[in-house]
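Listed below are the residues making up each chain.
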Amino acid sequence: MIDKPKISISNLHKSFGEKQVLQGIGIDIAAGKSLVIIGGSGTGKSVLLKCILGLLQADQGSIKIDNTETVGLNVRQQEKIAAKFGMLFQGGALFDSLSIWENVAFRLTHADGISKAEAKELAIEAMARVNLPARNADLRPAELSGGMQKRVGLARAIVTKPQILFFDEPTTGLDPITADVINRLIREQVTELGATAISITHDMASARHIADEIAMIFEGKIIWRGAADDVDSSGNAYVEQFVNGSADGPINVMGG
Amino acid sequence: MNPFASIGRATLGFLTIIGRIIIFSGKCLMAMIRPPWFFGQIGRHIINIGYFSLPVVGLTALFTGAALALNIYTGGARFNAESFVPNIVGIGITRELGPVLASLMLAGRVSAAIAAEIGAMKVTEQIDALRTLSTDPFRYLFAPRIIAALITVPLLVLVADIIGIFGGYAVATQSLDFNGALYVRNTMNFITGWDVASGLIKATVFGFIIALMGCYHGYNSEQGAQGVGRATTNAVVSAAILIFAANYLLTTLFV
Ligand SMILES: Nc1ncnc2c1ncn2[C@@H]1O[C@H](COP(=O)(O)OP(=O)(O)OP(=O)(O)O)[C@@H](O)[C@H]1O
Ligand SMILES: [Mg+2]
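Residues numbered from 1 in each chain as written. Chains lettered and ligands numbered in written order. Predicted model: local features only at pLDDT ≥ 70, side-chain atom pairs only at ≥ 80, totals over all residues. Heavy atoms only, no water.

Asks: What is the right way to read the sheet that holds strand β5 (residues 68-69) of chain A from this model?
Replies: The pairing of strands in a sheet comes from backbone hydrogen bonds and takes either a parallel or an antiparallel form. Residue and element names in this part refer to chain A. The strand order across the open sheet formed by four strands is β2-β1-β4-β5, and the pairing between neighbours is antiparallel. The sheet is open, and its two borders are formed by β2 (19-30) and β5, each paired with just one other strand. Pairing of strand β1 (residues 5-16) with β2, which is carried by nine bridges, proceeds in the antiparallel orientation. Considered in β2, the bridge of F16 is made with K19. Packed onto the sheet, helix α1 (residues 45-53) meets β1, β2 and β4 (60-65) and runs at close to 120° relative to β1. (Pairing = 2+ DSSP bridges. Helix = DSSP H or I, 4+ residues; strand = E, 2+ residues; numbered from the N terminus. Contact = heavy atoms within 4.5 Å. Axes fitted to C-alpha atoms, helices over the stretch in contact; angles between N-to-C directions.)

Written out as C-alpha cells, the structure reads:
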C-alpha cells in the first residue's frame, strides 16, 4: 500500500502461555508520519510496541524497519537497531538512581561514548525543547511531579534525534493543560525532526492532536485504519463506540 | 492423581530452573569478559557490597571466633587437649566458618539488596528502558555487581579470618588463662597458607553465587511489590542453599 514504509508489520502473533494477545497484526507506517493506535485496555497495545522495539520476541510474523527484518535478531543486532528508536514508556521508566540530566543523556554517555560535559550540554538542550528548565538538571526523578517526569522521559527519547519515536500513553494521568502541552511537544518533535512516530493512547483528544493516521486494535488485530480526520465518520461500529466512549456497542467490556 | 506424573513434573520444573540459571550465568560471564566495562558501576558496587558490609561481617566473625574458642576448650578438656584451642580455632575459622558464615550474612544483606533493586527496575520498566537506550542490562547491571562481589567477598572473608581468630584470642586470654604471646605463636605456626587460600577460593565462589542469585531473581521478578518481595526472599534462600552445597563440594576437593 505504502511505497516505502519506514516500519512494516505483517501477520504478527504473540501469546503469553494460553493467552493470545496479538493475533495477526498487519500495518505499514510511512516515513515522517505519526500513527496513533487506539484500543481498549489490555488489547495488546503496549505488547505491540515492545515487539517492535525488540523487548519482546514475537512468536510469528515479521517486523521490518527500513526494509530490514528485525524478528529473530540477537541482542547486539537489536542494540544497533535501537539506535534509531526513542521511546517514552507508559510509566516513565526513569532511572531513579541517576539525576535528571544523566537520565536524559543516558544513551549518549553509555552507548555513544560522548564525554560527560558534552552530553550534559546536549541533555540540557533537549530539556529546553520540552520546556524543562535547566535548574532541574541535578535533581532526581522522585523530586519531580508526574507531568515533569513525562517531560524528562520525552527529553530522553528525543535527545539523539532518533528516526522513529514511540509514545506509550503520553498523556495518561496528567491534567488537561499539561496533557495539551505534551501533545504539542510530541507534534512538534515529529514535525521538526521529521521523525516517524507511533503513539498509543486512550485519550481521543490527544489522538486527534498527535495523529496523521489512526488505527484501532481489537482482539489482537487491526480492525480499522484511516486518516485522523476520518475517525468520526469511520462507519465502523467498533471505532464509533470507542470514540464516543459508550458502553453500548459491539465491544463488550464486561464479558469474556 | 498419578504420583509418577507429579514427581516427573516437579523434576522437570527443577531442571528447567537449573537450565535457566546456567544460561543466565553464561550471559553474565560473557558480559564480564568482553568490553565495554562500566568501571564507574563496578566502583560503586565495590563500595556498596564491600565497604558497607564490613560491620556485619566483622561482628559475625568476632562472636563466632569467641564461641568457637569456648567450645573447643570445653571439648578439648575431655581429652586433656585444652592447649589445642588456638590451632583448631585457626583452622576452623580460615577453612570453614570465616567463608561460610561471612557469605551467609552477605547473602542476607547483598543478595537481597541486589534482587530488590533490580526487581524494582524490572517492574517499573527501567530494564526495558535500558535496552531501548542501546545498553545491555547484562553489561550495565549484572556484570558490575558480579565483578564487585568477586573482588570484595574474598577480601571481606580475609578480614573475617583475622577478626575471628582475634575473637578466639580475646576469649582465650581473658577468660581461659591462655598466654597471649604463646597463643599468637601457636596460631601462626600451625595455620598454613593453604588453609587461608582454600577459604578464600571458597569465598570467591560464594561471592559469585551471592551476586548471581540477586541478579537472577531480581531480573525474573514478577509484577508488583509482591513480586519484588518474593524475588528478594528467593534470592536469599537460594543463595544460602547454594553456598552450603558449594561449600560441601569444595571441601571434598580441598581436604
Ligand atoms: N510480560 C508479560 N507476561 C505475561 N502477560 C503479559 C505480559 N505483558 C503483557 N501481558 C498481557 O498481555 C495483555 C495485553 O497487555 P498490554 O500491556 O499490551 O495492554 P495495553 O493494550 O497496553 O493496555 P493498557 O491500555 O491498559 O496499557 C494483557 O492481558 C497482559 O496481561
Ligand atoms: Mg499499555
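Asks: Just to check I follow, could you spell out helix α5 (residues 116-129) of chain A for this structure?
Replies: Since one α-helical turn is 3.6 residues long, residues separated by three or four positions face the same way. Residues and elements named next belong to chain A. In this model, α5 (14 residues) spans 20 Å end to end at C-alpha, consistent with the 20 Å of a helix rising 1.5 Å per residue. Among the residues of α5, those classed as buried are A119, A123, A126 and M127. Around the axis of α5, the buried residues are gathered within 100° of arc, so they sit on the same side. Turned more than 90 degrees from where α5 packs its buried face, A117 and E121 sit exposed. In this fold, the buried residues of α5 make contact with α3 (100-104), α4 (106-110) and α6 (146-158). N131 occupies a position one or two residues after α5 and carries a positive phi of about 60°. (Expected span 1.5 Å × (residues − 1). Buried < 20%, exposed > 50% of the residue type's maximum accessible area, 1.4 Å probe, protein only. Arc of directions from axis to C-beta.)

Asks: In this structure, what is going on with unusual backbone geometry? I would like to understand it.
Replies: Glycine aside, negative phi is the norm for most residues, and most peptide bonds take the trans geometry. Geometrically, the link from P35 of chain B to P36 of chain B is a cis peptide bond, its omega value of 0° lying close to zero. Phi is positive for N131 of chain A, close to 60°, though the residue is something other than glycine. Relative to the helices and strands, N131 of chain A resides in the loop between α5 and α6.

Asks: Is there a simple way to think about a nonpolar patch on the surface in this case?
Replies: Taken together, the side chains of L12, F14, L15, I18 and I22 of chain B present a nonpolar region at the surface, about 520 Å² in accessible area. Inspection of the secondary structure assignment puts I18 of chain B in helix α1 (residues 3-33). (Patch = residues over 30% accessible without salt bridge, like charges linked within 9 Å, V, L, I, M, F, W, Y side chains within 5 Å. Areas by Shrake-Rupley, 256 points an atom, 1.4 Å probe, with all protein chains shown as cover. Salt bridge = Lys/Arg side-chain N within 4 Å of Asp/Glu carboxyl O.)

Asks: Quick question: what am I supposed to make of the coordination of the magnesium ion (ligand 2) here?
Replies: When a metal carries six donors in an octahedron, the ideal angles between them are 90 or 180 degrees, while four donors in a tetrahedron ideally lie at 109.5 degrees. Residue and element names in this part refer to chain A. Looking at the metal site, the magnesium ion (ligand 2) is ligated by S46 (OG) and Q90 (OE1), spaced 1.9 to 2.5 Å from it. Here the residue S46 occupies a position in helix α1, and Q90 occupies one in the loop between β6 (85-88) and α3, the gap between them amounting to 44 residues. Its relative accessible area of 21% is what places S46 among the partly exposed residues. Q90 sits in the partly exposed class, given a relative accessible area of 34%. (Donors = N, O, S within 2.8 Å, 3.2 Å for Na, K, Ca; no water.)

Asks: Explain the interface of chain A and chain B here, please?
Replies: Many analyses report the size of an interface as the accessible area lost when the parts associate. On the chain B side, the residues contacting the 23 residues of chain A number 18 residues. Together, the buried faces of chain A and chain B total about 1,800 Å²; carbon and sulfur atoms form 56% of this surface. The interface formed by chain A and chain B holds two salt bridges in total. In this structure, K50 of chain A and E125 of chain B form a salt bridge, with 2.7 Å as the shortest nitrogen-oxygen distance. Our count for the chain A to chain B interface comes out at six residue pairs in polar contact (both at pLDDT 80 or more). Elements represented by at least two residues in the side of chain A that touches chain B include exactly α1, α2 (75-82), β6 and α4 of chain A. Looking at the side of chain A that touches chain B residue by residue, the class counts come to 14 nonpolar, three polar and six charged. (Buried area = accessible area lost by both parts, 1.4 Å probe. Polar contact = N/O pair within 3.5 Å; in protein donor to acceptor, adjacent residues only side chain to side chain. Nonpolar A, V, L, I, M, F, W, Y, C, P; charged D, E, K, R; others polar.)

Asks: I'm lost on the pattern of salt bridges in this one. Help?
Replies: Between side chains of opposite charge, a pair can form when the charged atoms approach closely. Throughout the structure, instances matching the rule amount to 17 salt bridges over all chains. Across the pair D180 of chain A and R184 of chain A runs a salt bridge whose closest N-O atoms are separated by 3.0 Å. One end of the pair is D180 of chain A and the other is R184 of chain A, both in helix α7 (residues 176-193) and four residues apart, which spans about a single turn. Taking the relative accessible area as the measure of exposure, D180 of chain A reaches 26% and is therefore partly exposed. As a salt-bridge pair, K202 of chain B and E96 of chain B come within 3.3 Å of each other at their nearest N and O atoms. With K202 of chain B in helix α8 (residues 193-219) and E96 of chain B in helix α4 (residues 85-123), this residue pair connects regions lying 106 residues apart in the sequence. Owing to a relative accessible area of 3%, K202 of chain B belongs among the buried residues under this scheme. On the accessibility criterion, E96 of chain B (29% relative accessible area) is partly exposed.

Asks: How should I be thinking about the packing of aromatic side chains in this particular structure?
Replies: Each aromatic ring pair is specified by the distance between its two centres and by the angle formed by the two planes. Here the structure, examined in full by the defined rule, presents 19 aromatic pairs over all chains. On the basis of an interplanar angle of 85° and a centroid distance of 5.2 Å, the ring pair of F106 of chain A and Y140 of chain B is categorised as edge-to-face. One end of the pair, F106 of chain A, is in helix α4; the other, Y140 of chain B, is in helix α6 (residues 137-175), on a second chain. Just as F106 of chain A is buried, Y140 of chain B falls in that class too. For the ring pair F24 of chain B and F142 of chain B, a centre distance of 5.3 Å and an interplane angle of 45° mean the geometry is tilted. One end of the pair, F24 of chain B, is in helix α1; the other, F142 of chain B, is in helix α6, with 118 residues separating them in the sequence. (Phe/Tyr/Trp six-rings, centres within 6.5 Å; stacked < 30°, edge-to-face > 60°.)

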